[in-house]
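# Chain and residue survey
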Amino acid sequence: MLIFALFCLQARAQNYDAIIKSDSTSWIMYHLELETREEGHAFVNKRDSLLYYAPYGYTDYYCVGRMREEDGRLWIAFDGSLQEETLLVDMNLEVGDEFLVTGYHVAHVVETSHENGRKVIVFDYISPYWGGEPLKFIEGVGRNYTIFEWYDDIDKNYQSCKYDGDELVYSTNNPLFEDCKYDNASVGELSDENKVMKIYPNPASEMIHIEGIEAVEIQVYNTLGQVVKTVRGTNEIDLSGWVNGGYLLRITDADGEVFTNKITIQ
């Protein structure tokens, strides 16, 4: 009979470098869909241990669940309570141990090592999406295939790097990713202090106008992260016939600067 690590609290628990360290603990996630790469961001508010996620570069986050860490293990409860938890990481595992990766797949530990002072656990579970890289648990970082399960979509969400504040403590060596970047500037914040961008009216119903920069390209995303409109060479967007709701503008100006701003159509 299989004894899943999900239900097995082992006596050899050690003190490991924590995954959730501070309010600034964050992960950059990549989602693979139709052979394209989209970027998202997840972070934990340690005050209440809530995990928040913003998909596809959106600046609006939604709560995914509540996380709990103890003795080298990390759990998440998707309903926000701690009644039904799922074990995401167990750093106490050794070669030969089993782990319930999803509701239907058991992975086995095939290797453990230490890299840069961090314990690394390697499993025999290999995703078909990420260049053949196996599932790993990394001390102080978490797992390389997503830090949370979202509709059992483990294969399509990849944790490419982790930040503790401004310090990058993990970056993948997967050849599919060339860099590790995330713009955590607030909505409407510009990298050039001399530029002042204004979008009005907001909320809007017929037309929006952009002032302060010369917009070369404007991409409009819906709440699913899909590009619903692209306009070039104008600082105005006609909203006639659009569905009411929230949208994200990704604006590239004449200097190559990229800015984002949320708008509401009503």
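Preceding this paragraph is the structure being described.
Treat the numbers as computed from the prediction; the structure is a model and nothing was measured.

### Looking at the overall build of the chain
Check the secondary structure of the chain and you find 0 helices and 20 strands. Across the 266 residues in the chain, those meeting the buried criterion constitute 45%. Looking at the chain alone, contacts between residues at least 24 apart form 45% of all its contacts between residues at least 6 apart. For the chain, the computed accessible surface area is about 13,800 Å², with 47% contributed by carbon and sulfur atoms.

### Looking at the nonpolar core
In terms of nonpolar packing, the biggest core is built from 45 residues, with Trp27, Leu51, Met67, Phe123 and Phe137 touching the most fellow members. With 5 residues, the single largest contributor to this core is strand β9 (residues 118-126). Counting 18 residues, the second largest nonpolar core, distinct from the first, contains Ala215, Val220, Ile237 and Leu239.

### Quick notes on the environment of His31
Locating His31 in the fold gives a position in strand β1 (residues 25-33). Along the chain, His31 and Tyr158 lie 127 residues apart, while their C-alpha atoms are 6.4 Å from each other.

### A look at the pairing of strand β5 (residues 73-77)
Across the 5 residues that make up β5, a large majority, 5, are buried. Here β5 shows no split at all, with Arg73, Trp75 and Ala77 on one side and Leu74 and Ile76 on the other all buried. Bridging between strand β4 (residues 62-70) and β5 involves 5 bridges; their strand directions are antiparallel. Pairing of Arg68 across the sheet is with Trp75, part of β5. Relative to strand β6 (residues 86-90), β5 runs antiparallel, the two sharing 4 bridges. Note that in β6 the partner of Leu74 across the bridge is Val89.

### Some words on the pattern of salt bridges
As enumerated under the stated definition, the model contains 9 salt bridges in all. Asp17 serves as the salt-bridge partner of Arg118, at 3.4 Å between the closest nitrogen and oxygen. Of the two residues, Arg118 is situated in strand β9 and Asp17 in the segment before β1; the sequence distance between them amounts to 101 residues. Classification of Arg118 by relative accessible area gives buried; the value is 15%. With a closest N to O distance of 2.9 Å, Arg232 and Glu217 form a salt bridge. Linking Arg232 in strand β17 (residues 227-232) with Glu217 in strand β16 (residues 215-221), this pair joins segments that are 15 residues apart in sequence.

### Details of the sheet that holds strand β18 (residues 236-238)
As summarised here, the arrangement of the 3 strands in space is β14-β15-β18, forming an open sheet in which the pairing is antiparallel. Each having just a single partner strand, β14 (198-200) and β18 make up the two edges of the open sheet. Across the sheet, the axes of successive neighbouring strands diverge by a mean angle of 10°, strand direction being ignored. In the sheet, β14 pairs with strand β15 (residues 207-211) via 3 bridges, with the strands oriented antiparallel. Following the sheet pairing, Ile199 is matched in β15 by Ile210.

Rules used in this analysis
Residues numbered from 1 in each chain as written. Predicted model: local features only at pLDDT ≥ 70, side-chain atom pairs only at ≥ 80, totals over all residues. Heavy atoms only, no water. Helix = DSSP H or I, 4+ residues; strand = E, 2+ residues; numbered from the N terminus. Buried < 20%, exposed > 50% of the residue type's maximum accessible area, 1.4 Å probe, protein only. Contact = heavy atoms within 4.5 Å. Areas by Shrake-Rupley, 256 points an atom, 1.4 Å probe, with all protein chains shown as cover. Core = buried A, V, L, I, M, F, W, Y, C linked by side-chain atoms within 4.5 Å. Pairing = 2+ DSSP bridges. Salt bridge = Lys/Arg side-chain N within 4 Å of Asp/Glu carboxyl O. Axes fitted to C-alpha atoms, helices over the stretch in contact; angles between N-to-C directions.

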